Amino acid sequence: MVQATPFLLVLFLALGAHGLSAKKVQSGWDAQGRVGCTGGCGCRLCCGTSAEFSPLQCNLVGRWVNDLGSNMTITSVNANGAFGGSYHTAVTATSNEIKVSPLQGSMQKSPNQKGQPTFGFTVNWKFSESVTVFTGQCFVDDDGKEVLKTMWLLRSHVEDIKNDWKATR
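- For the chain, the name recorded in an unreviewed UniProt entry is Avidin, with Chaetops frenatus as its organism.
- Of the chain, the UniProt comment under Subunit (unreviewed entry) reads exactly: "Homotetramer."

### Looking at the nonpolar core
Piece 1. Leu60, Met72, Phe83, Tyr87, Phe119, Phe121 and Leu148 are the most contacted members of the largest nonpolar core, which has 20 residues in total.
Piece 2. Where this core is concerned, the elements lending two or more residues are strand E3 (71-77), strand E4 (82-88), strand E5 (101-107), strand E6 (118-124), strand E7 (130-140) and strand E8 (146-156).
Piece 3. Beyond its immediate sequence surroundings of up to four residues, Phe83 is in contact with Leu60, Ile74, Ser76, Val77, Leu103, Gln104, Gly105, Ser106, Met107, Phe119, Gly120 and Phe121.

### Comments concerning the pattern of salt bridges
Piece 1. For the coordinates displayed, the defined rule picks out 1 salt bridge.
Piece 2. Salt-bridge contacts for Asp164 lead to Arg155; the nearest nitrogen and oxygen are separated by 2.6 Å.
Piece 3. Overall, the relative accessible area of 35% leaves Asp164 in the partly exposed class.
Piece 4. Classification of Arg155 as partly exposed rests on a relative accessible area of 38%.

### Quick word on the state of the cysteines
Piece 1. A full pass over the atoms with the stated rule returns 1 disulfide.
Piece 2. Disulfide partner of Cys58: Cys138, at an S-S distance of 1.7 Å. Handedness here is read from the sign of the S-S torsion; for Cys58 and Cys138, about -50°, the answer is left-handed. With Cys58 in the loop between strand E1 (18-25) and strand E2 (62-66) and Cys138 in strand E7, this pair connects stretches of sequence that are 80 residues apart.

### Concerning the packing of aromatic side chains
Piece 1. Under the definition given, this model contains 6 aromatic pairs.
Piece 2. Relative to Phe134, the ring of Phe121 lies with its centre 4.6 Å away and its plane at 15°, an arrangement referred to as stacked. Here Phe121 is found in strand E6, whereas its partner Phe134 is found in strand E7, with 13 residues between them in sequence.

### Re the pairing of E7
Piece 1. Residues Ser130, Thr132, Phe134, Gly136, Cys138 and Val140 line the buried face of E7, whereas the alternating positions Val131, Val133, Thr135, Gln137 and Phe139 sit on a face that is not buried.
Piece 2. Pairing of E6 with E7, which is carried by 7 bridges, proceeds in the antiparallel orientation. Along E7, the bridge assignment pairs Thr118 with Gln137.
Piece 3. Connecting E6 to the next strand, E7, in antiparallel fashion are 5 residues.

What counts as what
Residues numbered from 1 in each chain as written. Predicted model: local features only at pLDDT ≥ 70, side-chain atom pairs only at ≥ 80, totals over all residues. Heavy atoms only, no water. UniProt positions renumbered as here; feature names shortened; annotations may be inferred. Core = buried A, V, L, I, M, F, W, Y, C linked by side-chain atoms within 4.5 Å. Buried < 20%, exposed > 50% of the residue type's maximum accessible area, 1.4 Å probe, protein only. Helix = DSSP H or I, 4+ residues; strand = E, 2+ residues; numbered from the N terminus. Contact = heavy atoms within 4.5 Å. Salt bridge = Lys/Arg side-chain N within 4 Å of Asp/Glu carboxyl O. Disulfide = S-S within 2.5 Å. Phe/Tyr/Trp six-rings, centres within 6.5 Å; stacked < 30°, edge-to-face > 60°. Pairing = 2+ DSSP bridges.

Below you can see the structure in the form of structure tokens.
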């Protein structure tokens, strides 16, 4: 059974983990992806210059919205790849009022990532007795838009070990 344990873990993760996509919300961009810099510099393209991010670089910093309407804001990524921010979920299995919750994560800084880094982060939910871990990769799609592809695993508190089986989804 000891040798089967890694296989069962991988099988469980493959069958039980949940995936989502998130797209970056660009302030100052119109529906066609053009930059509008008429009043400030909240744009990805700096006003008055031609400086912009490389089209092949994926930058985690910003506001992201997933398929279900949840949104995440990553405020900064330090030189070691550590980052923080907040997550506001649009869905929950509890009857509690949803609250914005903090997240902490790490991004791979290896040059082999080629501008489309892998990352992971943890959300400590402020409205339920659970924690969710996400892992994924930031991509630049064919239209030049940044997209996060993630898998997640949620762990809820249970009263005793007999109920461990239902604590992870």
